[in-house]
Amino acid sequence: MSGTPAFDAVTLEVLWTRLISIVDEAAAALVRTSFSTVVRESHDFSCVLTDAGGQSLVQATDSIPSFIGTLPKTVRHFLSLFPAGALVPGDVLVTNDPWLGTGHLPDITVVKPIFRQGERVGFAASTAHAPDIGGKMRSPEPREVFEEGLQIPPMKLIAAGSPDETLLSLLRRNVRTPELTLGDLWAQVTALDLMEKRLLILMDEYRLASLAALAAEIQGRSERAMREAIRALPDGTYRAALETDGLGRPLTLALALTIRGDEVLMDFAGTSPQVERAINLPMCYTFAMSAYGMKCVAAPEVPNNEGALRPIRVEAPAGCLVNPQHPAAVGSRALTGHFIPSLLLAALAPVVPDRVMAGAGSPLWSINQSGADRTGRTFANLFFFNGGMGGHPHRDGQSCLSWPSNISSTPTEVIEQLAPLRVHHRRLLPGSGGAGQFRGGLGQEILLESIHEGPTAISFLAERTRVPAPGAGGGEPGATGEVRINGAPVDAKRIHVLNPGDRVLLRTPGGGGYGPPERRDPAALQRDRDQEYA
């Protein structure tokens, strides 16, 4: 196969499967070689291959949905900053810029240009959530991005095979977990090297001088399938709005979703202004969550690559909650961003009621704990907990499952092994799923006790403590979440200090129910009682 190859169906399928295997193997290597539980247990990362222009070609199966939209754009930002000739074999680029990356500083993105016979043919890219990035402890409290940690501008982590030791020293000195943060970073580089190696073997085997023709074929097929799926939806403008817990008072997310032919425009005009707390959502993440939600409704089976995103446009007024301007604080942006797919489902529910589910008990909940041991060695821990998913037109919502992210809950054994915390119990919350023909998924209750010899700081990422996950199609809302310390309710958007023996009780929200409760199958009701879900 030489020149511009023509791909028959069998060859194309083999090449596509090989590409998937490359990024999946890289993801597995990243998990195996990572140091932190954030990557190793909760899988908060992504691996992607792009073509020479930074257009995404294939994403690892085990990846965070939002990175479908953010990671390829970061590659293209690098391309605009490093013109032709500025990149050479052995380079690895790095940044955690919230507006060029994924929306907050803890996500470190690394990108490696791939060369074949002296020509750049593509990029290997990875984003992973670092266990710590310095600055004020991760929480909604910071008022500007300068408080949130070390900012890494777009630069070379490795130049022609030589690491930037100055950058590594700065990173090591500015984080609470230097071994974990640097260990995860090098695990990402390992994943890039593996993608590069496997891709070049594939290109040699099939005598591909470049990826241009293969990328055009794969992306073109995805784009056509996505446009066809959008065209099948009725033209019109569909509106929805929802309220979040906010900051003492609710904040509003508003959406006008316009379908015209085979394209979609999502406009967030009417959304609350940006705030002086760290729940603002940079536009890169707004686009990613919007595109993910649209793909879930229109064409969930279409492969995740650039072609599937081309028919989608997203707009938001500058200075609003979902398009904040620098130096807005953005570290807890998931507390806003995870509402966007639910908002999109609410807008489209009147036209595709069989494709949407009730509100989920998300955004994703987590705790951050930091302190120092008796030797002065600092530590920082990040653990994830999930609420219930919303009921679906054909089935009950899943319990304790993250959506729209797919981050795994941290296992109890891992928490007790790594942190000065004892888990007294962790159990499903009966009755927390909203009633309906198909009930919402249950939240969970976790009781933790600090067993550290001194005080530690703890913060929470918690939402739906005031505004429950709504039902759909006549279903009832799920139960709200709750955070207590020593039995007393606390503000989940503040940093708190735990003394030895203090106890933290978390109750994550349940999902909303779908359909009128009186239509629920009596056998399902009995099963709920037998399993003590009701």
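To be clear, the structure that these remarks concern was listed above.
Parameters at a glance
Residues numbered from 1 in each chain as written. Predicted model: local features only at pLDDT ≥ 70, side-chain atom pairs only at ≥ 80, totals over all residues. Heavy atoms only, no water. Pairing = 2+ DSSP bridges. Helix = DSSP H or I, 4+ residues; strand = E, 2+ residues; numbered from the N terminus. Axes fitted to C-alpha atoms, helices over the stretch in contact; angles between N-to-C directions. Core = buried A, V, L, I, M, F, W, Y, C linked by side-chain atoms within 4.5 Å. Buried < 20%, exposed > 50% of the residue type's maximum accessible area, 1.4 Å probe, protein only. Phe/Tyr/Trp six-rings, centres within 6.5 Å; stacked < 30°, edge-to-face > 60°.

### With respect to the sheet that holds strand β8 (residues 236-244)
Part 1 of the reasoning: With respect to topology, four strands assemble into an open sheet ordered β8-β9-β10-β11, the strand pairing being mixed. If you trace the sheet from one side to the other, it starts and ends with β8 and β11 (312-315), each paired once. Averaged over all neighbouring strand pairs, the angle between strand axes comes to 15°, with direction disregarded.
Part 2 of the reasoning: Both strand β9 (residues 251-260) and strand β10 (residues 263-267) contribute to a ladder of five bridges, which runs antiparallel. Pairing of Ile-259 across the sheet is with Val-264, part of β10.

### Quick word on the nonpolar core
Part 1 of the reasoning: Among the nonpolar cores identified, the biggest contains 54 residues, and Leu-19, Cys-47, Leu-49, Leu-157, Met-195, Leu-199 and Leu-214 are the most heavily contacted of them.
Part 2 of the reasoning: Grouped together as the second largest cluster of nonpolar side chains are 52 residues, Tyr-238, Leu-255, Val-275 and Ile-312 included.

### Notes on the packing of aromatic side chains
Part 1 of the reasoning: Evaluated as defined, the whole model comprises two aromatic pairs.
Part 2 of the reasoning: The interplanar angle of 50° and the centroid separation of 6.4 Å between the aromatic rings of Phe-78 and Phe-82 together place this pair among those described as tilted.
Part 3 of the reasoning: Relative accessible area serves as the criterion here: at 2%, Phe-78 is assigned to the buried category.
Part 4 of the reasoning: What makes Phe-82 buried here is its relative accessible area of 14%.

### Focus: unusual backbone geometry
Part 1 of the reasoning: The linkage connecting His-326 with the following residue, Pro-327, adopts the cis geometry, with an omega of 10°.
Part 2 of the reasoning: One can find Pro-327 in the loop between β11 and α9 (334-337).
Part 3 of the reasoning: Here the bond from Ser-362 into Pro-363 is cis, since omega is 20°, no more than 30 degrees from zero.
Part 4 of the reasoning: Here Pro-363 lies in the loop between α10 (340-348) and β12 (365-372).
Part 5 of the reasoning: For Ala-160, which is not glycine, the phi torsion reads 50° and is therefore positive.
Part 6 of the reasoning: With respect to the helices and strands, Ala-160 occurs in the loop between β6 (155-159) and β7 (162-163).
Part 7 of the reasoning: The phi dihedral of Arg-464 falls on the positive side, at around 55°, and the residue is not glycine.
Part 8 of the reasoning: Structurally, Arg-464 can be placed in the loop between β16 (456-461) and β17 (482-485).

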